[in-house]
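Descriptive structure summary
If you want the building blocks of each chain, they are given just below.
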Amino acid sequence: MSGTETSETIHVGGVWRAAASGATREVLDPADATTLQVVAEGGAEDADAAVAAAKAAFDGGAGAWPRTSAGERAALLRRVADLLQRDREQIALIESRDTGKTLEEGRVDVDDVTNAFRYFADLVVNESGGRVVDAGSPDVHSVVVHEPVGVCALITPWNYPLLQASWKVAPALATGNTFVIKPSEVTPLSTVHLVRLLVEAGLPAGVANIVTGAGLPVGQRLAEHPDVDLFSFTGGLVSGTKAGAAAVSGAKKIALELGGKNPNVVFADACATDEGFDTAVDQALNAAFIHSGQVCSAGARLIIEESVRDRFVAELARRAEKIKLGRGTEQGVECGPLVSQQQLDKVEAYVASALAEGANLRCGGARPEPSDVRPATGYFYRPTVLDGCHRGMKVVREETFGPILTVETFTTEDEAVTLANDTEYGLAGAVFSADTARARRVAARLRHGTVWINDYHPYLPQAEWGGFGKSGIGRELGPTGLDEYRESKHVYENLRPQPVRWFAG
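Think of each chain on its own: its residues are numbered from 1, step by step along the sequence as written. Per-residue local features are limited, in this predicted model, to residues with pLDDT of at least 70; the limit for side-chain atom pairs, both in listing and counting, is 80 or more; totals at the level of whole chains, interfaces and linings are taken over all residues. With hydrogens and water excluded, all non-hydrogen atoms of the structure serve as input to the side-chain values.

Here's the deal with the layout of surface pockets
A water-sized probe rolled over the atoms picks out the places where empty space is left. Taken as a whole, the largest pocket spans an internal volume of roughly 1300 Å³. Both cavities and pockets are sets of points on a 1 Å grid over the protein atoms alone; in a cavity a 1.4 Å probe fits but cannot get out, in a pocket the set is open with protein on both sides within 12 Å along at least five of seven lines, and lining residues sit with an atom within 4 Å of a point. Looking at the largest pocket, it is lined by 45 residues, and the ones nearest its centre are Trp158, Glu185, Gly235, Gly236 and Ser239. Only runs of H or I of at least four residues qualify as helices and only runs of E of at least two qualify as strands under DSSP, and these elements are numbered from the N terminus. Only β3 (24–29), α7 (215–224), β10 (230–234), α8 (237–249) and α11 (341–356) provide two or more residues apiece to the lining of the largest pocket. In this classification, Asp, Glu, Lys and Arg are treated as charged, Ala, Val, Leu, Ile, Met, Phe, Trp, Tyr, Cys and Pro as nonpolar, and every other residue, Gly included, as polar. Of the residues that constitute the lining of the largest pocket, the class distribution is 19 nonpolar, 16 polar and 10 charged. Each domain's extent is set by a domain assignment, obtained either automatically or from a database. Here the lining of the largest pocket spans two domains, since at least three of its residues come from each of domain 1 (43–258 + 471–490) and domain 2 (263–453). Considering the residues around the second largest pocket, the lining is formed by 19 residues, among which Asp109, Asp112, Tyr160, His457 and Tyr459 are closest to the centre. Contributing elements (two or more residues each) for the lining of the second largest pocket: α4 (103–125) and α5 (161–174). Of all the elements, α4 adds the most residues to the lining of the second largest pocket, at four residues. Broken down by class, the residue content of the lining of the second largest pocket amounts to 11 nonpolar, five polar and three charged. Shared between two domains, the lining of the second largest pocket holds at least three residues of each, these being domain 1 (43–258 + 471–490) and domain 2 (263–453). Grid points are joined across faces, edges and corners, and a volume is the space filled by probe spheres set on the points.

Encoded structure:
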């Protein structure tokens, strides 16, 4: 971060520059609404220039990035991983100040990003050169090989800007693609830093391009651009489906991660001991309130067995009331602000609608008093627990992306599964039970892309991430996440060519 001085944050063809229009945007610190940095506000012209640079880099002859060896590409990814660790504290601070999350969460993000780059480096370099296909004849050599898709347009969200960028950038580069990335206009700073590290690591000019700016027009232009071969988007359902439709109309390969409304199912047997009860309550807090609930996989729906509901919710609300709010860089702060005034307004509206529909407010439900939080001018909202909720409520159906936990109850295993699956999303969920057979049985029945048993939130770069239903299309991470950035090609070689004589003449 460099104060409020205007930055050249658009990188096209190896050159950092301002927007073609000269437009700029202030990036705000959500803890006090002051300006962190002024960045370039790109437009359609900048998007076109970035795509042209990426296409030129992809098409650029025998020495171009797509035709480098897997070993060379893996070596670059490992250099980037080392640079990420070198700059760990600096990047964590950028991420904390830009998104509002705590500094420790920012450090965890940098470590997770580092692991993603190292994982994809190992994955691509350890693969075989192709899959031999038995054609049924010794005179035929038949093999299926993988090649890069081409020019990739990568759109990332505001809540985990660096992490989500890595899930796209690392496999895109590992497989030999070139790309244009558009980070959220709200939180672009760590992605700009990542591109600087790619350049420092020796990535050729034009392979990595970044355009800072709004979804309209930059994201929309990338989605519809005829020279973009793959469109990968992580963000909200409404904007994602619109952008995805534009990409599909151009017959692009698409990958969409569109959020979730995630159930955390707690059975009474998980709370049968004091240790089990404490763990389940603690995990419910983590599920709902990490990063102030601004997590696509947040366990925002607590689905608790009726027999333990009163005790569980009372303790949950008591602990939620004690969560310390403040600037994420301050010692002892457990939750930072929401990312923007717009998000704060949205959260307030969801709580108001829930109360109007009959929910019982157990804690939170308001902004903190100025004397309770530092600084007092940021976009803070108290962790909120809403009891007595049901699927007819807007707050239960829609992704709130804030510190709101709703409580629903069940009495039978079948009812728990029905409630957990009663959502148009299907990104993630959890089951807490002391009965291993029951936990695994329920997990198998849940229609969600990631299911945790007696835990919440951990993920592995080796395991695919994505969802069922309206949570999206395709997967990130794991071998499938690598395959999203490749095309399969069948090469059939006749070793003893002869006339076919199909036509007599």
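Some points on the state of the cysteines
What counts as a disulfide here is a pair of cysteine sulfur atoms lying within 2.5 Å. Tallying each qualifying case throughout the model produces zero disulfides. A disulfide-free cysteine, Cys271 has its sulfur positioned 17 Å from the sulfur of Cys363, the nearest such atom.

Some remarks on the UniProt feature "active site" (unreviewed entry) in the chain
UniProt tags Glu257 as "active site" (unreviewed entry). Relative to the helices and strands, Glu257 resides in strand β11 (residues 253–257). We classify Glu257 as buried; its relative accessible area is 5%. Sequence-distant contacts of Glu257, defined by excluding residues within four places in its chain, comprise Phe233, Thr234, Gly235, Cys296, Leu427, Trp465 and Ser471. UniProt positions are given in the numbering used here, feature names are shortened, and annotations may be inferred rather than shown by experiment. Relative accessibility thresholds used throughout: buried, under 20% of the residue-type maximum; exposed, over 50%; partly exposed, between the two (1.4 Å probe, protein chains only). The criterion used for residue contact is that any of the two residues' heavy atoms lie within 4.5 Å.

A few points about the pairing of strand β4 (residues 34–40)
For β4, a buried count of five out of seven residues is recorded, marking the element as mostly surrounded by other parts of the structure. Only strands that DSSP links by at least two bridges are regarded as paired with each other. Here β3 pairs with β4 via six bridges, running antiparallel. Residue Glu26 lies in a different strand from β4, and its bridge partner there is Val38.

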